[in-house]
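Coordinate inspection notes
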Amino acid sequence: MMSSLSPPGAGSQDVESEIQAAVPLPPPLDEGFVPDDPGDAIDTTGVLMEEAEPAAGAEEESGAKKKKPKLLNKLDKSIKAEIDGAEKLRKKGQLDEALRAFEALVRRYPQSPRARYGQAQTEDDLAEKRRSNELLQRAISSYRDAAELPDATPDLLRAALRRRAERQQFLGRMRGSLATLERLTQIFPEDIGLKNDLGVAHLLLGDNKGAKQVYEQVLAVAPGNGFAKVHYGFILKSENKIAESIPYLREGLESGEPGTDDGRFYFHLGDALQRVGDESAYRWYELGHRRGHFASVWQRSLYNVDGLKAQPWWTPQETGYTDLVKTLERNWRTIRDEALAVMDRRTASFVPEEENLREKGEWGQYTLWQQGKKVGNACQGVPRTCALLERYPEATGCKRGQVKFSVMQPGTHVWPHTGPTNCRLRLHLGLVVPRPGCRIRCTNQTREWEEGRVLIFDDSFEHEVWQDANGYRLILIVDVWHPELTPYQRQTLSPI
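Description of the structure in this document.

The rules behind the values
Throughout, a residue's number is its position along its own chain's written sequence, starting from 1. Residues qualify for local features only when their pLDDT is at least 70, as the model is predicted, and side-chain atom pairs are given and counted only at 80 or more; totals for whole chains, interfaces and linings, by contrast, use all residues. Computation of side-chain values covers all heavy atoms of the structure but excludes hydrogens and water. In this text, helices come from DSSP runs of H or I with a minimum length of four residues, and strands from runs of E with a minimum of two, each type numbered from the N-terminal end. For every residue, the accessible area obtained with a 1.4 Å probe (protein chains only) is divided by the maximum for its type, and the residue is called buried under 20%, exposed over 50%, and partly exposed between those limits. Where accessible areas are quoted, they stem from the Shrake-Rupley method and a 1.4 Å probe; at the residue level, only the protein chains shown are allowed to cover. Should DSSP find at least two bridges between two strands, the strands are regarded as paired. To form a nonpolar core, buried Ala, Val, Leu, Ile, Met, Phe, Trp, Tyr and Cys residues must be joined to one another through side-chain atoms within 4.5 Å. All axes are obtained by fitting lines to C-alpha atoms, using only the stretch in contact for helices, and the reported angles, taken between N-to-C directions, cover 0 to 180 degrees. Orientation categories follow fixed angle ranges, with anything under 35 degrees roughly parallel, anything over 145 roughly antiparallel, 65 to 115 roughly perpendicular, and all other angles oblique. The handedness criterion is simple: a crossing whose near helix is rotated anticlockwise from the far helix by less than a right angle is left-handed, and one whose near helix is rotated clockwise is right-handed. Any two residues whose heavy atoms approach within 4.5 Å are treated as being in contact. Take the residue count of a helix, subtract one, and multiply by 1.5 Å to get its expected span. What the arc measures is the spread of directions leading from the helix axis to the C-beta atoms. Disulfide assignment relies on a single distance test, namely cysteine sulfur atoms paired within 2.5 Å. Criterion for a salt bridge: a side-chain nitrogen of Lys or Arg within 4 Å of a carboxyl oxygen of Asp or Glu. A pair of aromatic rings is counted whenever rings of Phe, Tyr or Trp (Trp by its six-membered ring) have centres within 6.5 Å, and the orientation is called stacked for planes under 30 degrees apart, edge-to-face for over 60 and tilted otherwise. In our convention, an over-ring charge means Lys NZ or Arg CZ found within 6 Å of a ring centre and within 35 degrees of that ring's normal.

Turning next to the overall build of the protein chain. Looking only at helices and strands, the protein chain features 19 helices and 15 strands. Per-residue burial for the protein chain yields a buried fraction of 57% across its 496 residues. Summed over all atoms, the accessible surface of the protein chain reaches about 21000 Å², with 48% contributed by carbon and sulfur.

As paired strands, strand S11 (residues 438–442) and strand S12 (residues 445–448) are joined by 4 bridges and run antiparallel to one another. Within the sheet, the bridge partner assigned to Arg-441 lies in S12 and is Thr-446. Counting the residues that bridge the hairpin from S11 to S12 gives 2 residues, and of these Thr-443 lies at a positive phi of roughly 55°.

Counting 43 residues, the largest nonpolar core has Leu-324, Leu-328, Leu-368, Phe-405 and Val-478 as the members making the most contacts within it. Elements with a minimum of two residues in this core: helix H15 (322–330), helix H16 (332–345), strand S6 (363–370), helix H17 (383–389), strand S8 (402–408), strand S10 (424–432), strand S13 (454–457) and strand S15 (473–481). Tyr-143, Leu-157, Ala-160 and Val-214 belong to the second largest nonpolar core, which has 21 residues in total.

Looking now at the sheet that holds strand S14 (residues 463–467). Taken in spatial order, the 5 strands of this open sheet run S5-S9-S14-S11-S12, and their pairing is antiparallel. Strand pairing shows two members of the sheet lacking a second neighbour, strand S5 (358–360) and S12, which therefore form its edges. Looking at each pair of strands side by side, their axes are set apart by 20° on average, direction ignored. Sheet topology places S5 next to strand S9 (residues 412–417); 2 bridges connect them, and they run antiparallel.

A few words on the packing of helix H12 (residues 263–275) against helix H13 (residues 281–290). Their axes nearest at 8 Å, the elements H12 and H13 cross at an angle of 165°. Overall, the two elements H12 and H13 adopt an arrangement that is roughly antiparallel. In terms of crossing hand, the pair formed by H12 and H13 is left-handed. Packed against H12, whose contacting residues are Tyr-266, Phe-267, Leu-269, Gly-270, Asp-271, Leu-273 and Gln-274, the element H13 presents Ala-281, Tyr-282, Trp-284, Tyr-285, Leu-287 and Gly-288 at the interface.

In this section: the pairing of S10. Across the 9 residues of S10, 9 count as buried, placing the element largely inside the fold. For S10 and S15, the ladder comprises 8 bridges, and the chain directions are antiparallel. Within the sheet, the bridge partner assigned to His-428 lies in S15 and is Ile-477. Across 4 bridges, the pairing between S10 and S13 is antiparallel. From the neighbouring strand, Leu-427 faces S13, where its bridge partner is Ile-456.

Time to look at helix H2 (residues 80–91). Given a rise of 1.5 Å per residue, 12 residues ought to cover 16 Å, and the 16 Å separating the end C-alpha atoms of H2 matches this to within 8%. Buried within H2 are the following residues: Ile-83, Ala-86, Glu-87 and Arg-90. Along H2, the residues classed as buried sweep out an arc of 100° about the axis, all on the same side. In H2, those exposed residues whose orientation departs by more than 90 degrees from the buried face are Ala-81 and Lys-88. Once H2 ends, the next one or two residues include Gly-93, with phi positive near 85°.

Attention now goes to unusual backbone geometry. Leaving glycine out, the prevailing phi sign among residues is negative, and the prevailing peptide bond configuration is trans. The residue after Arg-435, namely Pro-436, is reached through a cis peptide bond having omega -5°. Within the secondary structure, Pro-436 sits in the loop between S10 and S11. Phi is positive for Asn-240, close to 65°, though the residue is something other than glycine. Overall, the relative accessible area of 45% leaves Asn-240 in the partly exposed class. With phi around 55°, Gln-371 is a residue other than glycine that occupies positive phi space. As for its position among the elements, Gln-371 is in the loop between S6 and strand S7 (373–374). With relative accessibility at 15%, the residue Gln-371 sits in the buried group.

A few words on the state of the cysteines. As enumerated under the stated definition, the model contains 1 disulfide in all. A disulfide bridge connects Cys-379 with Cys-386, and the sulfur atoms are separated by 2.1 Å. Between Cys-379 and Cys-386 the sulfur-sulfur dihedral comes to about -85°; the bridge is accordingly left-handed. You'll find Cys-379 and Cys-386 in the same group, each marked buried.

We now examine the pattern of salt bridges. Between side chains of opposite charge, a pair can form when the charged atoms approach closely. Evaluated as defined, the whole model comprises 38 salt bridges. Where Glu-448 meets Arg-435, a salt bridge forms, and the shortest distance between an N and an O atom there is 3.2 Å. Of this pair, Glu-448 sits in strand S12 while Arg-435 sits in the loop between S10 and S11, placing them 13 residues apart in sequence. A relative accessible area of 54% means that Arg-435 is categorised as exposed. What emerges from the salt-bridge pattern is a single network uniting Asp-124, Glu-128, Arg-131, Arg-163, Glu-166 and Arg-167.

Taken N-terminus to C-terminus, the directions of helix H6 (residues 154–170) and helix H8 (residues 192–204) make an angle of 20°; their axes are 12 Å apart at the nearest point. Comparing their axes, H8 and H6 come out roughly parallel. When you trace H6 past H8, the crossing you get is left-handed. For the pair H6 and H8, the contacting residues are Arg-158, Arg-162 and Gln-169 in the first and Gly-193, Leu-194, Asp-197, Ala-201 and Leu-204 in the second.

Applying the stated criterion across every chain yields a total of 10 aromatic pairs. Geometrically, the ring pair formed by Tyr-285 and Phe-294 is edge-to-face, given 6.2 Å between the ring centres and 75° between the ring planes. The residues Tyr-285 and Phe-294 share a single accessibility class, namely buried. One aromatic cluster is present, formed by Tyr-282, Tyr-285, Phe-294 and Trp-298 through successive ring pairs. Stacked on the ring of Phe-170, the Lys or Arg Arg-167 has its end atom at 4.8 Å from the ring centre.

Right under this line is the structure:
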């Protein structure tokens, strides 16, 4: 649902917010299964994606009551009693017995689509119960086998391949899921829900162009389809067509169709409205908050741990990281001089901000740690700075943050935005701060950096930056774990 999708760990760019740029994020998280093929998965949090909610439009546009699917062909009807017996075991949760029953039916009636479909469903259920990728892969194969039998009914064919695509997606087999959905849309070209699913599959592969074509086709025949509208609006926003994206995002959300009530859509509609100066942005943020997507109108991160203390600005004493703050402030000149030397020698080491957060100006960053890991050989350029920081695992081990130098040129304005998670706090150490003109707002409080002093704020709250001084501003940004996270949480939370 935004520019192209890549894991946050790729390169050393600032992941100021995976949600801020318009890129598709994974659905809500499931900590259970581990993808068999991580290289094919694109879950930006490092954990598995939950089974996707069916796209809007699966039912007829007329709103007619959904008919019961016809799953039995002539052969299946002749063995209906045996199929019903196996299915009863499955629905009662007696999955091992159900699987044996369906496997016996498949052996006796290898041309029965319903028996193979029942076997696939039971393998699917067992995979969920046992948290087994191997069983889930068997189910994926069995769904295919059921659909490929020559006399499968259209309803069974649709159900089997759609479920196959969902489970492929769950395992991170995005290209396989896309191929399955492409086949489905060829067989059922009038099914809007399948087309919408196909668009999502393109987005999850980072193929915005392919997704855009799909949603344009959907909107050409179903101009009121809210699911297609809200995703099409996301894509337009990724292309920086801010004003054009707004009506699609807004009308898609207003439709209330399944699959549209997602925090990311509220997030991006509000962001787009803010960028065109429309104060109704906060009405949408408030609605997103009431719908349970945001902790508050100001705090709009989407990857959160419940119950953590939430306030925009912090003192060192409140964080418990006073030793880190003192070390940074006592050694700020050493840190500054190393950063300036890197700037003088290798200005190209400062990578331009690429998250589409700037209205105007220049903003470069030199990243030392990302997701709790050192970035390449970056520390070779600033060895004393890194040696100081390595004493503080709350910073260098923060898998949901970065440590980096940030240089901002005069005339730069950073749009109001929020970070992706409430699991970190952000320290800013002033290194070169021309005055006046360098300001940062977090919620409704605006402060200025000072050389040799640390500012601490929670970047899951809305913040905005202005650089109107006569020279560049240089700071060190150090993300630290939220102090209320337990050691176990710090160890097990997925990276961002």
